[in-house]
2 protein chains.
Amino acid sequence: MSRIAYLAGPDVFLPDAAGMAARKIALCAAYGITGIAPFNPGLDFSQPPSLLWRQIYKDDVAMMHKADIIIANLTPFRGASADAGTLVELGWFLGTGKPAYGYSNNAENFAARSQAQMAALPDELPGTAVEDFGLADNLMVEGALDGGLILPPDGVSRPFESLEIFELCLQRLTARGDSPRLP
Amino acid sequence: MSRIAYLAGPDVFLPDAAGMAARKIALCAAYGITGIAPFNPGLDFSQPPSLLWRQIYKDDVAMMHKADIIIANLTPFRGASADAGTLVELGWFLGTGKPAYGYSNNAENFAARSQAQMAALPDELPGTAVEDFGLADNLMVEGALDGGLILPPDGVSRPFESLEIFELCLQRLTARGDSPRLP
């Protein structure tokens, strides 16, 4: 039976979130994986915000329970690190023992991004340490991932909406190399 | 028996990380909780970075296994959201079903911080949505927490190193009100 992958990421904040979810689900299918995305077009947006966010949370957790694996878009989002919600979801998979895969379109390392962030918006408290292990994000992110964080292999960042590194992640996790559609 | 609390947070990056860990552990003890902090003074820093970060990861996960609950410092860190490693750890507790508590010294809401972040370092892709449910961080963070994110009750942000809101969190989770040392 086809593995179900929870497609976590800040993709839900994109102007064309629905299109992105559809493209990812189609790519998953080409690799024999059933993708499910935390994008619910049936959500009742007329609810008060305090009910709406709880509904989204409940829906997302239910989807994670249904999934066998997570494929997380860990491209940095509004700061030196990946999207906050995606990181909580990544940790959830680690805690449940379900395999976790992740990728980032950004080729810069975490220490360099942290320095850029501190230059743009200085830490409130000066003198804090910058984690520098040559990794692409905080060590807990890298450690939580089966096979490590998948990055642009040529060291060149891809645009935020590119699915090239997402597909590379699919190739790695299905271990089918470059011919996903062959038996 | 005393509950063991994993004291997650970017506190490890503070200039006096050891002192902060000691102060938090002492406060926990006053509330009948055994605090354990991901700060290991015995770590062998002469290891190559690629071994060192794996050792820290392994030590942190082992500590989380030993803990009954997490108390996460979710004060924003180098971006609109909380520290990346702390968020993965929060998700881990959610996934394992162990209770998760968290606080933030920052009283500003997530949407306002996200806008400030985008002004300082614009999103690579314009037109992305800003999550605005009146919450203090991404909805997955708030949803993961038993009792929600504990914030400055007067709406005034505290300095990063203040332990006032951490102590408020201890009071809430022990439900002892303001007299922790009384039976």
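All figures in this text were calculated on a predicted structure; none of them were measured in a lab.

1. Digging into the overall build of chain A
Secondary structure assignment for chain A yields six helices and four strands. Going from the N terminus to the C terminus, chain A shows its helices and strands as β-α-β-α-β-α-β-α-α-α. The C-alpha atoms of chain A give 17 Å as radius of gyration, which agrees with the globular expectation for 183 residues (16 Å, within 12%). Its C-alpha atoms give chain A principal-axis dimensions of roughly 50 × 45 × 30 Å. Counting over 183 residues, chain A shows a buried share of 57%. Long-range pairs, those at least 24 residues apart, make up 72% of the contacts in chain A between residues at least 6 apart in sequence. Total accessible area on chain A stands at roughly 7,600 Å², and carbon and sulfur atoms take up 57% of it.

2. Side note on helix H2 (residues 49–66) of chain B
All names here are of chain B. In this model H2 runs 26 Å from its N-terminal to its C-terminal C-alpha over 18 residues, within 8% of the 26 Å that 1.5 Å per residue would give. Taken as a whole, H2 has its buried residues at Leu52, Trp53, Ile56, Tyr57, Asp60, Val61, Met63 and Met64. The buried residues of H2 occupy one face: seen down the axis, they fall within an arc of 165°. Facing away from the buried surface of H2 by more than 90 degrees, the exposed residues are Arg54, Lys58, His65 and Lys66.

3. Thoughts on the interface of chain A and chain B
Taken residue by residue, the interface counts 57 residues in chain A and 57 residues in chain B. Between chain A and chain B, roughly 4,500 Å² of surface is buried when both sides are summed, and carbon and sulfur atoms account for 71% of that area. The largest contributions to the chain A side of the interface with chain B come from A:Trp53, A:Arg78 and A:Met140, which together make up 18% of the buried area. One can count two salt bridges joining chain A with chain B. Across the pair A:Arg78 and B:Asp123 runs a salt bridge whose closest N-O atoms are separated by 3.0 Å. Taken together, the links from chain A to chain B amount to 17 residue pairs in polar contact (both at pLDDT 80 or more). When contributions to the side of chain A that touches chain B are tallied by element, the ones reaching two or more residues are helix H2 (49–66), helix H3 (84–96), helix H4 (110–120) and helix H5 (139–144) of chain A. Its residues placed into classes, the side of chain A that touches chain B shows 34 nonpolar, twelve polar and eleven charged.

4. Some thoughts on the sheet that holds strand S5 (residues 149–150) of chain B
The five strands lie next to each other as S2-S1-S3-S4-S5 (chain B), forming an open sheet whose pairing is parallel. Of all strands in the sheet, those bounded by a partner on one side alone are strand S2 (33–36) and S5 of chain B.

5. Structural notes on the environment of B:Ala116
Note on placement: B:Ala116 falls in helix H4 (residues 110–120). The sequence separation of B:Ala116 and B:Ala80 amounts to 36 residues, and the corresponding C-alpha distance is 8.1 Å.

6. Digging into the relation of the copies chain A and chain B
With an RMSD of 0.0 Å, the fit of chain A onto chain B corresponds to turning through 180° and sliding 0.0 Å along the axis. Such a combination of turn and shift is consistent with a two-fold rotation axis. A shared binding surface is used by both copies, with 100% of the interface residues of chain A retained as interface residues in chain B.

7. Things to note about the sheet that holds strand S2 (residues 33–36) of chain A
All names here are of chain A. An order of S2-S1-S3-S4 is seen for the four strands of this open sheet, with the pairing classed as parallel. The strands lining the two open edges of the sheet, one partner per strand, are S2 and strand S4 (100–103). Within the sheet, the average angular offset between the axes of one strand and its neighbour, ignoring direction, is 25°.

8. Here we look at the side chain of A:Asn105
Residues and elements named next belong to chain A. Relative to the elements of secondary structure, Asn105 occurs in the loop between S4 and H4. In this structure the side chain of Asn105 is engaged in a polar contact, spanning 3.2 Å, whose partner is the backbone oxygen of Phe160. Excluding residues within four positions of it along the chain, Asn105 makes contact with Thr75, Pro152, Ser157, Arg158, Pro159, Phe160, Ser162 and Ile165.

9. Observations concerning the pairing of strand S4 (residues 100–103) of chain B
Residue and element names in this part refer to chain B. Every second residue of S4 is oriented toward a common face, with Ala100 and Gly102 on one face and Tyr101 and Tyr103 on the other, all of them buried. Of the strand pairs in this sheet, strand S3 (residues 69–73) and S4 are connected by four bridges, and their pairing is parallel. Each residue of the ladder has a partner; that of Ala72, found in S4, is Gly102. In the classification by handedness, the crossover that spans S3, the intervening helix H3 (residues 84–96) and the parallel S4 is right-handed. Of the strand pairs in this sheet, S4 and S5 are connected by two bridges, and their pairing is parallel. If you follow Gly102 over to S5, its bridge partner there is Leu149.

What counts, and where the lines are drawn
- Residues numbered from 1 in each chain as written.
- Chains lettered and ligands numbered in written order.
- Predicted model: local features only at pLDDT ≥ 70, side-chain atom pairs only at ≥ 80, totals over all residues.
- Heavy atoms only, no water.
- Helix = DSSP H or I, 4+ residues; strand = E, 2+ residues; numbered from the N terminus.
- Rg over C-alpha atoms; globule rule 2.2 N^0.38 Å.
- Buried < 20%, exposed > 50% of the residue type's maximum accessible area, 1.4 Å probe, protein only.
- Contact = heavy atoms within 4.5 Å.
- Areas by Shrake-Rupley, 256 points an atom, 1.4 Å probe, with all protein chains shown as cover.
- Expected span 1.5 Å × (residues − 1).
- Arc of directions from axis to C-beta.
- Buried area = accessible area lost by both parts, 1.4 Å probe.
- Salt bridge = Lys/Arg side-chain N within 4 Å of Asp/Glu carboxyl O.
- Polar contact = N/O pair within 3.5 Å; in protein donor to acceptor, adjacent residues only side chain to side chain.
- Nonpolar A, V, L, I, M, F, W, Y, C, P; charged D, E, K, R; others polar.
- Pairing = 2+ DSSP bridges.
- Least-squares fit on C-alpha atoms with pLDDT ≥ 70 in both.
- Axes fitted to C-alpha atoms, helices over the stretch in contact; angles between N-to-C directions.
- Right-handed = clockwise from strand over helix to strand, strands pointing away.

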